[in-house]
Amino acid sequence: MTRVFDLVAVGRPSVDVLFTGLEAWPELGRDVLASGLGVCAGTSFNTPAAAHRLGLAVAYVAMAGDDPWSRIVLEEWRAEGLPTDFLLVRDRPMPFVSVALNRDADRGFVTYYGATEADDAELLAHARAVME
C-alpha cells in the first residue's frame, strides 16, 4: 500500500543555541552578557515539526548521530511526536550546532556541521529511495 504525505522534508536537523538581549556584539578578549538563552532543534526540523502540529502527514527524511547534540534533537523529535520512519541514526558523532547571537533587530551565527560528504550522500540516496 502506498502512503501519501502532505509534506516530505529532507535535511539534517541542528541544535540551535540562542543568546538574546546582548548589550553589545562580542569582541576578542571581552565577555558579553546575554539576558536570555534558549536551546532547541532547528534548521530542517522546524518545517516538519510545525506541519505535524497542524495535523499534516509528514515524512521527514533526516540523519542524526549518537553525540549529545544529536540526542537533544532526537529528544525534541520524540516530544513533537514526529514519525521516525525515515530517520537514520548512526552510531557515531554527527553534531550539527548553530549558535545565534541576537542583538536588537540583528543577529549573527556561528555553525558547526559535523557530517561528512559521505553522510550527505547517504542521506540523499535515502531520500531518493523514500520518494520512489
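Scroll up to find the structure.
Note that this is a predicted model, so its numbers are computed, not measured.

(A) Main features of helix H2 (residues 68-80). Its 13 residues give H2 an end-to-end C-alpha distance of 19 Å, which sits within 8% of 18 Å, the value for a rise of 1.5 Å per residue. Inspection of H2 places Ser-70, Val-73, Leu-74 and Trp-77 among the buried residues, and these make up the whole buried set. Seen along its axis, H2 keeps its buried residues to an arc of 95°; they face one direction. For H2, the exposed residues lying more than 90 degrees away from the buried face are Pro-68, Glu-75 and Ala-79. As for H2, its buried residues are in contact with strand E2 (13-20), strand E3 (36-43), strand E4 (58-64) and strand E5 (87-89). The backbone nitrogen of Trp-69 has a side-chain oxygen 3.1 Å away, supplied by the residue at the start of H2, namely Asp-67. After H2 finishes, the residue Gly-81 shows a positive phi value of roughly 75°.

(B) Representation of the pairing of E4. Of all 7 residues making up E4, 7 are buried, and the element is well covered by its neighbours. Going residue by residue along E4, you find Val-58, Tyr-60, Ala-62 and Ala-64 tucked away on one face and Ala-59, Val-61 and Met-63 tucked away on the opposite face as well. By the bridge criterion, 5 bridges tie strand E1 (residues 7-11) to E4 in an arrangement that is parallel. Following the sheet pairing, Ala-9 is matched in E4 by Tyr-60. Sheet topology places E4 next to E5; 3 bridges connect them, and they run parallel. Within E5, the position partnered with Ala-64 by the bridge is Val-89. Read as a crossover between parallel neighbours, the route from E4 over H2 to E5 is right-handed.

(C) Examining the nonpolar core more closely. Of all hydrophobic cores here, the largest spans 17 residues; its most connected members are Phe-45, Tyr-60, Trp-77 and Leu-82. Broken down by element, the residue count for this core peaks at 4 residues, all from E4. Not counting residues up to four positions away in its chain, the partners in contact with Trp-77 are Pro-13, Phe-45, Tyr-60, Ala-62, Leu-82, Pro-83, Thr-84 and Leu-87. Grouped together as the second largest cluster of nonpolar side chains are 9 residues, Ala-59, Val-61, Leu-88 and Ala-127 included.

About the criteria used
- Residues numbered from 1 in each chain as written.
- Predicted model: local features only at pLDDT ≥ 70, side-chain atom pairs only at ≥ 80, totals over all residues.
- Heavy atoms only, no water.
- Helix = DSSP H or I, 4+ residues; strand = E, 2+ residues; numbered from the N terminus.
- Expected span 1.5 Å × (residues − 1).
- Buried < 20%, exposed > 50% of the residue type's maximum accessible area, 1.4 Å probe, protein only.
- Arc of directions from axis to C-beta.
- Contact = heavy atoms within 4.5 Å.
- Polar contact = N/O pair within 3.5 Å; in protein donor to acceptor, adjacent residues only side chain to side chain.
- Pairing = 2+ DSSP bridges.
- Right-handed = clockwise from strand over helix to strand, strands pointing away.
- Core = buried A, V, L, I, M, F, W, Y, C linked by side-chain atoms within 4.5 Å.

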